[in-house]
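Letter by letter, the chains look like this.
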Amino acid sequence: MNVFRILGDVSHLLAIIILLLKIQKSKSCAGISGKSQILFALVFTTRYLDLFTTFISLYNTMMKVIFLICAYITVYMIYVKFWKTFDSENDSFRLEFLLVPVTGLSFLENHSFTPLEILWTFSIYLESVAILPQLFMISKTGEAETITTHYLFFLGLYRALYIANWIWRYHTEKFYDQIAVVSGVVQTIFYCDFFYLYVTKVLKGKKLSLPMPV
């Protein structure tokens, strides 16, 4: 395991911790897309079914369990514990626009036509677009809290570090997974505009704001 993979996992975990602390400390999930969090929970659930069939390493198992637990705690906090603060009016992205094509694609383009492999492929494709409800919500409200932007930054950084991880693995091991790489690149592209705004505004102490949709 190389340093890019480890840093990517740390960045991913840090993003989730930032989000959970934000919700718990403010006792509010305002500005957070519950639909994106549901998609991420679905991503981890379908990807980590191999917990019951394959042991890779203690590190691998621990990270999978931590991500699963954190994902469902986040969904619980949004839809149960602090549901009164949930902005359902602005969290209006239609999930079927993502789930239907992702499901179809996972059946058509996969490494092998087996249940676990199809579910793993589904999770890879879904993760690449799972953040869209959150970005849609920000564009609809026109702004995001600073702590929310930190969460999105580290989530995007995790994907960028994984691209570096794939480049390193190809260079050292000649390993290349087209499905994971293409999906990861697509996901990182979604963050590009956000990265620019984060650097030019948030890091300079300004609040991230977007033009309201017409």
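Thresholds, definitions, all that
Residues numbered from 1 in each chain as written. Predicted model: local features only at pLDDT ≥ 70, side-chain atom pairs only at ≥ 80, totals over all residues. Heavy atoms only, no water. Core = buried A, V, L, I, M, F, W, Y, C linked by side-chain atoms within 4.5 Å. Buried < 20%, exposed > 50% of the residue type's maximum accessible area, 1.4 Å probe, protein only. Helix = DSSP H or I, 4+ residues; strand = E, 2+ residues; numbered from the N terminus. Contact = heavy atoms within 4.5 Å. Patch = residues over 30% accessible without salt bridge, like charges linked within 9 Å, V, L, I, M, F, W, Y side chains within 5 Å. Areas by Shrake-Rupley, 256 points an atom, 1.4 Å probe, with all protein chains shown as cover. Salt bridge = Lys/Arg side-chain N within 4 Å of Asp/Glu carboxyl O. Disulfide = S-S within 2.5 Å. UniProt positions renumbered as here; feature names shortened; annotations may be inferred.

S.K.: What is the right way to look at the nonpolar core in this model?
M.R.: One finds Phe44, Tyr151 and Leu155 to be the most contacted residues of the largest nonpolar core, which totals 54 residues. When contributions to this core are tallied by element, the ones reaching two or more residues are helix 1 (3-26), helix 2 (34-47), helix 3 (58-81), helix 4 (96-108), helix 5 (115-129), helix 6 (132-141), helix 7 (146-173) and helix 8 (178-200). By residue number, the principal contributor to this core is helix 3, which donates eight residues. If near-sequence neighbours (up to four positions away) are discounted, Leu155 is found in contact with His12, Ala15, Phe40, Ile131 and Tyr191.

S.K.: Explain the side chain of Asp9 here, please?
M.R.: Along the chain, Asp9 turns up in helix 1. Relative accessible area serves as the criterion here: at 5%, Asp9 is assigned to the buried category. Apart from the residues within four sequence positions on either side, Asp9 is in contact with Tyr59, Met63, Phe67 and Tyr162.

S.K.: Hey, could you run me through the environment of Phe194 in this one?
M.R.: If you trace the backbone, Phe194 turns up in helix 8. Taking the relative accessible area as the measure of exposure, Phe194 reaches 7% and is therefore buried. Taking the C-alpha atoms as reference, Phe194 lies 8.9 Å from Leu135; in sequence the two are 59 residues apart.

S.K.: Please clarify how a nonpolar patch on the surface should be interpreted in this entry.
M.R.: On the surface, Tyr170, Tyr176, Val182, Val186 and Phe190 cluster together into a nonpolar patch covering about 460 Å² of accessible area. Looking at the nonpolar patch, the element that brings in the most residues is helix 8, giving three residues. As for its placement among the helices and strands, Val186 is situated in helix 8.

S.K.: Help me understand the state of the cysteines in this model?
M.R.: Throughout this description, disulfide means a covalent bond between two cysteine sulfur atoms. Evaluation of the coordinates by the stated rule reveals zero disulfides. Looking at the unpaired Cys70, the closest cysteine sulfur is the one in Cys29, lying at 17 Å. A residue is classified by how much of its surface remains accessible, and Cys70, at 12% relative accessible area, is buried.

S.K.: Would you take a moment to explain the UniProt feature "transmembrane region" (unreviewed entry) in the protein chain for this structure?
M.R.: The sites that UniProt annotates as "transmembrane region" (unreviewed entry) are residues 65-83, 119-138, 150-168 and 180-199. Along residues 65-83 one finds 89% helix and 0% strand; the C-alpha atoms at either end are 25 Å apart. The span residues 150-168 shows a helical share of 100% and a strand share of 0%, and its end C-alpha atoms are spaced 27 Å apart.

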